[in-house]
Amino acid sequence: MAIAITTRHLRALLAVAEAGSTAGAARSLHLSQPSVSVAVQELEAILGQALFQRLPARGLVPTAFGLRKLAEARALASALSAFEAGDGQVGAPAGHVAFGYFSTLGPQYVPAVLRRMAAAYPKVSVSIHEGDLGELNRLLAAGRIELALTYDVELGAGIAAEAVGELRPYALLPARHALAARAAVTVADLAAEPFILVDLPLSREFLLSPFRAAGVEPRVAYRAPSLEMVFGLVANGLGVSLLVTRREGDLAYDGRRVVRRPLEGSAMRQGVVIARAEGIAPTAPARALAECIRAEIAGG
């Protein structure tokens, strides 16, 4: 007797794709790992092709065929969730969306976006995945997330981007620094001081680009992997920095102050985008999330 595709198979496919492993999928589904593996193997047998391949250090990654079927499975799961919801507004999105965000950009927008989602689309659940720019590219390409809120920096082939905002760079200075008395500073001013560099893939190259365009090189004193560490190092007088990501307040964790000054003589701008895999139609939950992102950034 032939095995029929069931919701068990769809849930296993979606969970393995998002987790990148059967072990992670089993935890999210509250099932045993063997039962998830069996569901995926049964689905592959029904469809007649492999859905995943195992890559060193990257776990289970969908094949080209698997990516196509993953998109179809997400659409089916969304339609089924909307059908089950039944008692809400006709046509209202329901289901799940996997959402990625750039590590330093997320705290500025993502909590408010999720608040909007909870209020406007209570039948949609959102899982969040933090990463640097390169990692978000890989998550999108592997089908582990549907959408990403990120910067328009080297998004890579096969990634479509919708511009939703633009940020200007600014200098971050210790509160009592001599440059803090100025209305604006130049990259040459910053290059003359010990410099705190955000040390994330692609971000560091982007933040160094205005110095190189001006023919100067900053004297990097410390490399920090997070915005909060940059704020702390600058607030303690250990150097100056150049940032794009905004953060409310002028206090580091230890209570010491920083000041921000605009960057003079630079046309540098950083686009904020919603990124997704090219050629794959977003599901209704993903479209709802994109709508909330646009509204939050436009309103902010």
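None of the values given here were measured: they were computed from a predicted structure.

A. Expanded view of the packing of aromatic side chains. Under the criterion given, the structure shown has two aromatic pairs. Taking 5.5 Å as the distance between ring centres and 65 degrees as the angle between the ring planes, the aromatic pair formed by phenylalanine 102 and tyrosine 151 counts as edge-to-face. Here phenylalanine 102 is found in strand β3 (residues 95-102), whereas its partner tyrosine 151 is found in strand β5 (residues 147-151), with 49 residues between them in sequence. For the pair phenylalanine 102 and tyrosine 151, a shared accessibility class is recorded, and that class is buried.

B. Representation of the pattern of salt bridges. Scanning the entire structure with this criterion turns up 13 salt bridges. In the salt-bridge network here, residues are joined through shared partners; they are Asp199, Arg204, Glu205 and Arg223.

C. View of the nonpolar core. Membership of the largest hydrophobic core comes to 73 residues, with the highest contact counts inside it found for Leu149, Tyr151, Leu173 and Leu190. It is helix α10 (residues 284-299) that contributes the most residues to this core, seven residues altogether. Non-local contacts of tyrosine 151, meaning those with residues more than four positions away in its chain, are made with Phe102, Thr104, Leu105, Leu133, Leu167, Val244, Thr245, Gln270, Gly271, Val272 and Val273. In terms of nonpolar packing, the next biggest core, distinct from the first, is built from 19 residues, Leu13, Leu14, Leu43 and Phe52 among them.

D. Looking closely at the sheet that holds strand β4 (residues 124-131). A sheet is described by the order of its strands in space; here five strands give the open sequence β4-β3-β5-β12-β6, paired in mixed fashion. Both edges of this open sheet fall to β4 and β6 (159-167), since each of them pairs with a single strand only. Direction aside, the axes of adjacent strands within the sheet are offset by 20 degrees on average. Inspection of the sheet shows β6 paired to strand β12 (residues 270-277) by eight bridges, in the antiparallel sense. Paired with leucine 167 across the two strands is glutamine 270, which belongs to β12. This element, helix α6 (residues 133-141), spans β3, β4, β5, β6 and β12 of the sheet and lies at about 155 degrees to β5.

What counts, and where the lines are drawn
Residues numbered from 1 in each chain as written. Predicted model: local features only at pLDDT ≥ 70, side-chain atom pairs only at ≥ 80, totals over all residues. Heavy atoms only, no water. Phe/Tyr/Trp six-rings, centres within 6.5 Å; stacked < 30°, edge-to-face > 60°. Helix = DSSP H or I, 4+ residues; strand = E, 2+ residues; numbered from the N terminus. Buried < 20%, exposed > 50% of the residue type's maximum accessible area, 1.4 Å probe, protein only. Salt bridge = Lys/Arg side-chain N within 4 Å of Asp/Glu carboxyl O. Core = buried A, V, L, I, M, F, W, Y, C linked by side-chain atoms within 4.5 Å. Contact = heavy atoms within 4.5 Å. Pairing = 2+ DSSP bridges. Axes fitted to C-alpha atoms, helices over the stretch in contact; angles between N-to-C directions.

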